[in-house]
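Geometric and topological summary
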Amino acid sequence: MKEIIKIAYGPSSENYDAHFSFQNEDYRLKRLGVDANVELALHLLKTYRHECDVFAVAGFPPILRIGRETIIHPVYQQLRVAAGRTPVADGTQLRKTSFLWALKSLLKREPHLLSQKKIGFFCGIFQADFLHFFEEHTQHLVFADLYFSLGIPKLMHSSRQLAKSMGRLTPALMKVSLGKKFTKDYDSLIFRTPLMREFHRCDVYIIHKSQLDYVKLWPLEGKTVIVDSLDRFTKEKLLAAGAGRIISCFPEFPAHPEIGCAALEALFLSHQPDHVLDDETLLQEVRALDAQPTIIETATKKKTAQFAFVIHPLTQKQLFQVPGIKNFQKLPLARGIEKLMGKVPGFYYCKMNGIKSEFNGQEVEGELYVIPATPKQLLRQDPESIYRRIHQLCLLAHHRGTSIIGLGAYTKIVGDAGVTIANRSPIPVTTGNSLSAAATLWAASYGLERMDLVKKAPDGRYQGTAMVIGATGSIGKVCVRHLCQHWEKVILVAPRPYKVLDLVDEMRAHCPNTEIIGTTHPDKYSPDCDLIITSTSAQGEKVMDIAQVKAGAVICDVSRPFDLNLDEVATRPDVLVIASGEVELPGQVKIGKTLNLEGGAVYACLAETALLAMEGRFENYSLSRDLDYDKVIEIDQLARKHGIRLSAIMGHTGEITDPEIALCREHALRARLN
Amino acid sequence: MNILLTGSTGFIGKRLVKSLAANGHKIGLLIRSGSLSRAKKIFQNVPQVHFIEADISRNDVVVRVAGTEAVLQDTDAVIHLAGTYNLSIPLEEAYTHNVIGTQNMVWFAQRLTKLPCFHYISTYAVNSHCQGHVGEDQLDASSKLADHYAQTKLQAESIVRQANWGNTRVRIYRPGVIVGDSNTGEMDKIDGPYFFFRLFNQMRQWKSVTRKMPFFPIVGRQGAQVPLLPVNVLADWLTTLVEHPTHHTVRSYHLVSQEQLLVENFLRESLKAYDVPLMVRRMPETRLFNPVLPFLGIPREVAPYLYSTASFSREHLDEDFPQLKAPLLNDYLPTLVQGAREMFK
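Quick caveat, the model's predicted, so the values are computed rather than measured. (Residues numbered from 1 in each chain as written. Chains lettered and ligands numbered in written order. Predicted model: local features only at pLDDT ≥ 70, side-chain atom pairs only at ≥ 80, totals over all residues.)

Right, let's get into the overall build of chain B. In terms of helices and strands, chain B carries 12 helices and 13 strands. Within the span of chain B, comprising 345 residues, buried residues form 41% of the whole. (Helix = DSSP H or I, 4+ residues; strand = E, 2+ residues; numbered from the N terminus. Buried ≥ 20, exposed ≤ 12 C-beta atoms within 10 Å, placed from the backbone.)

Rendered as structure tokens:
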């Protein structure tokens, strides 16, 4: 039997004396906590150095690498000397090998774990070897080293900054005796001041196991915590702190939960005949374990994710709903007021709450911001001035603690469709176009199914013709790509011939079995079409003649303002016109003020922002006019997963009920007979 | 019964061995090689004991020689009494003997596969920081106690409680403040109440001073208790407890007198017994007086005990062993004082 004595810097109340077999060998692992008393640790090492095979020391300062310098704490040397010829394992070597390896394999499984997340380090210098890895994945690093080593409420944001300031301070820190200093209660008033607030608001915390004993853990509540190793006591402490998700870069040993990083390294070390553990051997040992990182999802309520969304009045009528200027509507000044309001900076409008994912129970809260400009004003003004106003809202939203901002309606059309804003904004930006496109396609397929006039081939393709007006646009392109895979014949319509030709070529390459025709005017082909999707920015100008459309056709009017006006639509009761777009969020959604939408429906672009918050994907998602088809597919899957549904399809005058569709179908059948 | 005992050469151990031997038990004494000759001298008249060379601060406790293993496996009870008792002890020593010693003894007892019962002698001081009623199962392993002795005993008790015991039953005894023999007044060392006895002893020689003193001031909190127990009573109780363990898997007992004794009353009675005609008066409750204590020959570590109003419950003891009653203080105090005076001569 091999004896391992683990001297831990931590509390003595966690001592144990465990007996287990590991890789066909009997071990006795005895833990002796010294309550931060270095003298006691040295005494124990001296007393027991002849009685055990390997020492494991845990929680004492390791060799630190700050910038190019290697700093060895005097205590580290004293421990080595006290241990004499008995080998000492402190877990740093194992941590260096396995920590990043585990994190990497974790990121393979969950690629968005760190992206755009704010990552808080309680003591960054302990993780100095791994910082470059985190810096590859996110720009938002927060180091609280100065506070936890000296009590100074100053946060640092990059490894360079950390190396610079800690490099200067370490010579002084070396002289301070360990022990008392590091065990003082860190939940002081200074810790709660606004200066430290950024640290409290991190999404992911990286903490070294030994720090758990002397740091107050309340900021961890509901957050993701990454620890280097997870033994029984660490797990209990993190669960008690209410961590939402615990990730340990270390395999769990259910049979002997006491084993931590240092102990495992000691086990490996005891295998070696000459008591030297080089990287190569370590690598083989770790591989032999077939180690996987441990992830624990706790039952504690997760922190409510917050998103922001920018809206604006879609018509002059909506603009005058603002109480203060209601009375000006009837005066001849109305147009002037509209113009004036177009210059007013954005402001906070209302809150949205009660959104709760059906998949992971993540609660989401939204904040709505308004730019009181009508579409006309937005399109007329210089994009730069709109950017500026949206940027101000981004700053405001960031200040109010939201993690992602969505651009609603025309704010996303302005300029380069969100790219400039995303570059300037402190928080990720999305236009929500991906879900808008997906929702349109949902609505179209729902309408087609209900009308039941187009036959399906055995391979699931519709045996009919579909048309996309505005095919080269952002949503249009995705619709085209989708339809080309599901229809026999697709007509692409766009005003600029060169763009149409380009798109036709592209689509033919993708879907050689589909007949694809490009045109600049829809009326030639519209009599043959079973499905027409119009997604233009024609500003209410007439894009097609509804009179020529085939009876029983389904038209999706995605554009805002609509491409088809109400009177035109009324002349064709045998055609199903869907305004689409709107979806329903999961949970008991409450919106502070009206959005001029029916029931629980919301804009699909708003839903996308909420969805990204639910999934924890705080990243720039849909940007620019080129919508990524893969993203649409992905968001479609995410939406289904989290319970975002089509909220009854919408027509120009409101919700289209099933009896209405049935009536439309009857009209169509009668018209076809004639 | 075959009993293994640690700490047999100590103040309690000597009496416990005699008490157990008187009831006809065979006792194996785990003794450090350095104390072996001393132990043989102490127990030369006790034929039931045999000596096993051991050191609880060693990882494997017993120095194995041929034949030891068979003797060990045939044990009916292990009593772990060893520990360092001294309020002013340095941490290193307390940690080695109390924490590591207990850890090793637990390990050792776990290797005795057929062991029916493990008896561990803790102390009432593990809860000395509490106020008010203290239950016999109460223990907070993370609490910070004033002196190294209590702190290490607390850690040791939590090791015993947390260990995986299998079929072995565990008994934890928390004796109160142990004073000399209630029949002979014999006492080994100056400790606890004896610091006050020493002070009173000196005061008798300063009659000119005491005569002018208006009263004898005491510090501490109103309602502070001192759970005294004579050592011979403790030895008798432990013998009974070891002989008749109840069916519980883990059971802990406060070994304290049924009489709840206030510090004030104890000092008043002791002054009377010392013939010092002084009233006892409580000083305002402040810790400013604490630095004065060392000048009076009372270690600073005693102070926290004067502030603890914990009252130690005897519920388990009364339930399982109602016959265990301690003699009343007034009956044995004169003997104690007599014994103390002889010691200070």
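So much for the structure itself; the text now carries on.
Secondary structure summary: chain A contains 23 helices and 30 strands in total. Looking at chain A residue by residue over its 674 residues, the buried ones come to 47%. Considering only intrachain contacts with a sequence separation of at least 6, the fraction spanning at least 24 residues in chain A is 70%. (Contact = placed C-beta atoms within 7 Å.)

On to the pairing of strand β2 (residues 26–31) of chain B, then. All names here are of chain B. In terms of residue burial, β2 counts as a mostly covered element, since 5 of its 6 residues are buried. Judged from the 5 bridges that link them, strand β1 (residues 2–6) and β2 form a sheet pairing that is parallel. Within β2, the position partnered with Asn2 by the bridge is Lys26. Assessed by its sense of winding, the connection that carries the chain from β1 through helix α1 (residues 11–22) to β2 is right-handed. Inspection of the sheet shows β2 paired to strand β3 (residues 49–53) by 5 bridges, in the parallel sense. (Pairing = 2+ DSSP bridges. Right-handed = clockwise from strand over helix to strand, strands pointing away.)

All names here are of chain A. For helix α6 (residues 159–175), which comprises 17 residues, the first-to-last C-alpha distance of 24 Å matches the rise-based estimate of 24 Å (1.5 Å per residue) to within 8%. Of all the bends in α6, the greatest, near 40 degrees, is centred on Leu169, and the proline Pro171 appears no more than four residues after it. Residues of α6 that are buried include every one of Ser159, Leu162, Ala163 and Met166, and no others. Those residues of α6 hidden inside the fold are in contact with β5 (64–66), α4 (131–137), β9 (141–143) and α5 (145–150). (Expected span 1.5 Å × (residues − 1). Bend = angle between axes of the 7 residues up to and from the residue.)

With that out of the way, let us pick up the sheet that holds strand β14 (residues 305–311) of chain A. Residue and element names in this part refer to chain A. Strand order in this open sheet of 6 strands is β18-β17-β14-β16-β15-β26, and the pairing throughout is mixed. The sheet terminates laterally at β18 (429–430) and β26 (587–591), the two strands that pair on one side only. Pairing of strand β17 (residues 404–407) with β18, which is carried by 2 bridges, proceeds in the parallel orientation. Bridge assignment links Ile405 to a residue of β18, and that residue is Val429. The strands touched by helix α21 (residues 604–615) within the sheet are β14, β15 (347–356), β16 (363–370), β17 and β18, with β14 carrying the most contacts at an inclination of about 160 degrees. (Axes fitted to C-alpha atoms, helices over the stretch in contact; angles between N-to-C directions.)

Right, let's get into the interface of chain A and chain B. Listed per partner, the contact involves 14 residues of chain A and 16 residues of chain B. Among the secondary structure elements, those contributing two or more residues to the side of chain A that touches chain B are β3 (26–33) and α1 (38–48) of chain A. Ranked by residues supplied to the side of chain A that touches chain B, first place goes to α1 of chain A with 3 residues. When grouped by side-chain class, the residues that make up the side of chain A that touches chain B number 4 nonpolar, 6 polar and 4 charged. (Nonpolar A, V, L, I, M, F, W, Y, C, P; charged D, E, K, R; others polar.)

Attention shifts here to the sheet that holds β3 of chain B. Residue and element names in this part refer to chain B. Taken together, the 7 strands give an open sheet; going across it, the order is β3-β2-β1-β4-β5-β7-β11, and neighbouring strands pair in parallel fashion. The open sheet has two edge strands with one neighbour each: β3 and β11 (250–255). The mean angle between the axes of side-by-side strands here comes to 20 degrees, regardless of whether they run parallel or antiparallel. In this structure, strand β7 (residues 169–175) lies alongside β11, joined through 6 bridges in parallel fashion. Paired with Val170 across the bridge in β11 is Val250.

All names here are of chain B. Tracing the backbone through its elements, the reader meets His129 in the loop between β5 (117–121) and β6 (133–134). You can call His129 partly exposed: it has 18 C-beta atoms within 10 Å. Residues His129 and Ala150 lie 21 residues apart in sequence; the distance between their C-alpha atoms is 9.8 Å. Beyond its immediate sequence surroundings of up to four residues, His129 is in contact with Ser143, Leu145 and Ser308.

The subject of this paragraph is unusual backbone geometry. In this model, Asp452 of chain A sits at a positive phi of 55 degrees, which is unusual for a non-glycine residue. Even without a glycine there, the phi angle at Asp275 of chain B is positive, about 65 degrees. Locating Asp275 of chain B in the fold gives a position in the loop between α9 (263–273) and β12 (280–282). Among the residues examined, Asp275 of chain B registers 9 C-beta atoms within 10 Å and is labelled exposed.

It is worth spelling out the pairing of strand β2 (residues 16–21) of chain A at this point. Residue and element names in this part refer to chain A. Inspection of the sheet shows β2 paired to β3 by 6 bridges, in the antiparallel sense. The partner of Asp17 across the bridge, within β3, is Lys30. The turn linking β2 back onto β3 is made up of 4 residues, and Gln23 within it adopts a positive phi angle of 50 degrees.

Here we come to the packing of helix α17 (residues 433–451) of chain A against helix α22 (residues 629–642) of chain A. Residue and element names in this part refer to chain A. Where α17 meets α22, the axes come as close as 8 Å, and the angle between the chain directions of the two elements is 75 degrees. Our classification of the angle between α17 and α22 gives roughly perpendicular. Residue-level inspection shows Ser434, Leu435, Ala437 and Ala438 of α17 in contact with α22, the latter providing Lys631, Val632, Ile635, Asp636 and Ala639. Partitioning the contact of α17 with α22 into residue classes produces 6 nonpolar, 1 polar and 2 charged. (Parallel < 35°, antiparallel > 145°, perpendicular 65-115°, else oblique.)

Residues and elements named next belong to chain B. When pLDDT is averaged across chain B, the result is 87; 99% of the residues are at 70 or more. Ranking the elements of chain B by mean pLDDT puts helix α3 (residues 68–73) last with 78 and β5 first with 93. Our summary of model confidence lists the complex with pTM equal to 0.70 and ipTM equal to 0.84. (pLDDT = per-residue confidence, 0-100.)

Where α1 of chain A meets helix α4 (residues 91–111) of chain B, the closest approach of the two axes is 10 Å, and the angle between their N-to-C directions is 50 degrees. Taken together, the axis directions place α1 of chain A and α4 of chain B in an arrangement best described as oblique. Crossing hand, α1 of chain A versus α4 of chain B: right-handed. Where α1 of chain A abuts α4 of chain B, its residues Leu40, His43 and Thr47 of chain A lie against Leu91, Glu92, Tyr95 and Thr96 of chain B. Residues that form the contact of α1 of chain A with α4 of chain B fall into these classes: 3 nonpolar, 3 polar and 1 charged. (Left-handed = near helix turned anticlockwise from the far one by under 90°.)

Membership of the largest hydrophobic core comes to 171 residues, with the highest contact counts inside it found for Ile7, Phe55, Ala56 and Val225 of chain A together with Leu234 of chain B. Apart from residues no more than four positions distant in its own chain, Phe55 of chain A is found in contact with Ile5, Ile7, Leu45, Ala83, Thr86 and Val88 of chain A. With 113 residues, the next largest nonpolar core counts Val370, Ile469, Ala494 and Leu623 of chain A among its residues. (Core = buried A, V, L, I, M, F, W, Y, C linked by C-beta atoms within 7 Å.)

Within the secondary structure, Glu198 of chain A is located in helix α8 (residues 197–200). Beyond its immediate sequence surroundings of up to four residues, Glu198 of chain A is in contact with Val142 and Leu155 of chain A.

What follows is about the confidence of the model for chain A. Residue and element names in this part refer to chain A. Residues with a pLDDT of 70 or more make up 93% of chain A, whose mean pLDDT is 81. Mean pLDDT across the secondary structure elements of chain A bottoms out at helix α7 (residues 180–183), with 46, and peaks at strand β20 (residues 487–493), with 90. Overall, residues 180–184 carries pLDDT values under 50, and its contacts beyond four positions in sequence, including any with other chains, amount to 5 contacts.

This brings us to the environment of Asp145 of chain A. All names here are of chain A. One can find Asp145 in helix α5. The exposure class of Asp145 is buried, given the 22 C-beta atoms found within 10 Å. Placed 19 residues apart in sequence, Asp145 and Phe126 show a C-alpha to C-alpha distance of 9.6 Å.

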